[in-house]
Amino acid sequence: MKIIVSGGGTGGHVYPALALIRTIKKKHPDTTFLYIGTEKGLEANIIRRENIPFEAVEITGFKRSFSFENIKTLVRFFKGVKRSKQIIKDFKPDAVIGTGGYVSAPVVYAAAKKKVPAVIHEQNSVPGLTNKFLSRYVQKVAICFESAKEFFPAPKVMLTGNPRASEVVGKDGRGELAKLGLKENVPTALITGGSRGARPINEAVIKSLTQLANKPYQILYITGEVHFETVKREVELIGDSPNVAVVPFIHNMEEVLTEIDVVVGRAGATSLAEVTALGLPSILIPSPYVTNNHQEKNASVLTSAGAATMLLEKDLSSQKLISALDDILLDDKKRKNMSEASKKLGMPDASDRLYNILLDLIQSGRN
Ligand SMILES: CC(=O)N[C@H]1[C@@H](OP(=O)(O)OP(=O)(O)OC[C@H]2O[C@@H](n3ccc(=O)[nH]c3=O)[C@H](O)[C@@H]2O)O[C@H](CO)[C@@H](O)[C@@H]1O
């Protein structure tokens, strides 16, 4: 089989694509993949690290208000479509899958125009512009939250969940925390601001460090690559604490997560798929800067099930963060209840569901 995969900008669009690629590779080792992303998105590094052939197109997103930039974006889109059509002509894929982010727009659109079977995967409870646009042209739309259904043509929609959920389950912890300078068998919170990090979360964590140093639990704190140097300098001024490890990014999250008890982070849909697949309690601080405030909607699915607590960014402070951590990490019963509620939302068979859709499509295309 030959498959083109496209999605990017942030990790939330790239990791589901990578998880699906790994699933297909396991089932059909002879499959050839081509990933189409942008040079500026996180995919350029994440996908190349995996030795998956990678082609870049140049694309930006539309601004919601009228702007001269939108004309440039339209020009880039049509250039991207032209280039994608050429790539499709040369590579001759059996199917194309788009996992969202601007880059998947020209690629999936070009596939539809070239009559190649195409699927999109929407991670969020409220879809982004790209997938809404593409849903008119593709054969199938895979979703992760029931609430996303109403935004797409009904006969095309299938609930699959997020392939990244399948990837994180069943992994063995192999002393990952010890490698990062933390202890094993101590309750541990992972704090992250999503795949690109989040300055407001970093500021709250930095202000909490002195108090966190005296807690009976420990923290693995991911700053985000671009924020690392600034945060590190601030941490050095406060003084290192043995129960807090500070890192820029984790490349083997599926392994690290097996040793984590609570996740504190944004409410990006792929992170939530991981957390629920593993049955982890979480403290969610949705990004207010995303389309249609979709992260708050993602988060409320978990909070209403009792799987997470939510802290709005406008209310975020070091005290609120510490008491949210204490509430869960110092209360075993609460942690257990949240964990059970979280697990009920998990969809660990997502990869297989998405893979089956793709395979059916390819086979029906060949008949
Ligand atoms: C600002 C923005 O546009 N955010 C969107 C983006 O978020 P973002 O890219 O932050 O997405 P998520 O939080 O959903 O997923 C992040 C992914 O990166 C991984 N990871 C993160 C940190 C790290 O050090 N190592 C690592 O591997 C996580 O394990 C996860 O697989 O995509 C999500 C999924 O469409 C959306 O819901 C978010 O609203």
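Residues numbered from 1 in each chain as written. Predicted model: local features only at pLDDT ≥ 70, side-chain atom pairs only at ≥ 80, totals over all residues. Heavy atoms only, no water.

Per UniProt, the protein chain carries the Subcellular location (unreviewed entry) text "Cell membrane". (UniProt positions renumbered as here; feature names shortened; annotations may be inferred.)

Novice: Go over the nonpolar core, please, and point to the residues and values.
Specialist: Ranked by size, the top nonpolar core spans 30 residues in total, and within it Ile219, Tyr221, Ile283 and Leu325 carry the most contacts. Taken together, the elements giving at least two residues each to this core come down to β8 (188–191), α8 (199–212), β9 (218–222), α9 (228–238), β10 (244–247), β11 (262–265) and α13 (318–329). Once you skip the residues sitting within four places of it in the chain, Tyr221 turns out to touch Ile191, Asn202, Val205, Ile206, Val231, Val244, Ala245, Val246 and Val247. In terms of nonpolar packing, the next biggest core, distinct from the first, is built from 29 residues, Val5, Leu20, Val119 and Leu361 among them. (Core = buried A, V, L, I, M, F, W, Y, C linked by side-chain atoms within 4.5 Å. Buried < 20%, exposed > 50% of the residue type's maximum accessible area, 1.4 Å probe, protein only. Helix = DSSP H or I, 4+ residues; strand = E, 2+ residues; numbered from the N terminus. Contact = heavy atoms within 4.5 Å.)

Novice: Summarise the packing of helix α11 (residues 269–278) against helix α12 (residues 294–304); cite the residues concerned and give the values.
Specialist: Two numbers describe how α11 lies on α12: the axes approach to 10 Å, and their chain directions differ by 20°. On the basis of their axis angle, the class for α11 and α12 is roughly parallel. Seen from above, α11 lies across α12 with left-handed handedness. For the pair α11 and α12, contact is made by Ala269, Leu272 and Thr276 and by Asn298, Ala299 and Leu302, respectively. (Axes fitted to C-alpha atoms, helices over the stretch in contact; angles between N-to-C directions. Parallel < 35°, antiparallel > 145°, perpendicular 65-115°, else oblique. Left-handed = near helix turned anticlockwise from the far one by under 90°.)

Novice: Pulling in residues and values, what's your account of the site of the ligand?
Specialist: Among the 23 residues in the neighbourhood of the ligand, the closest are listed as Asn124, Ser195, Ser271, Glu274 and His294. Contact between the ligand and Gly11: an oxygen atom at 3.1 Å from a main-chain N or O atom of the residue. Contact distances for the ligand include 2.5 Å between an oxygen atom and a side-chain N or O atom of Asn124. Protein chains shield 88% of the accessible area of the ligand, which is 770 Å² for the free molecule. (Near = heavy atom within 4 Å. Polar contact = N/O pair within 3.5 Å; in protein donor to acceptor, adjacent residues only side chain to side chain. Areas by Shrake-Rupley, 256 points an atom, 1.4 Å probe, with all protein chains shown as cover.)

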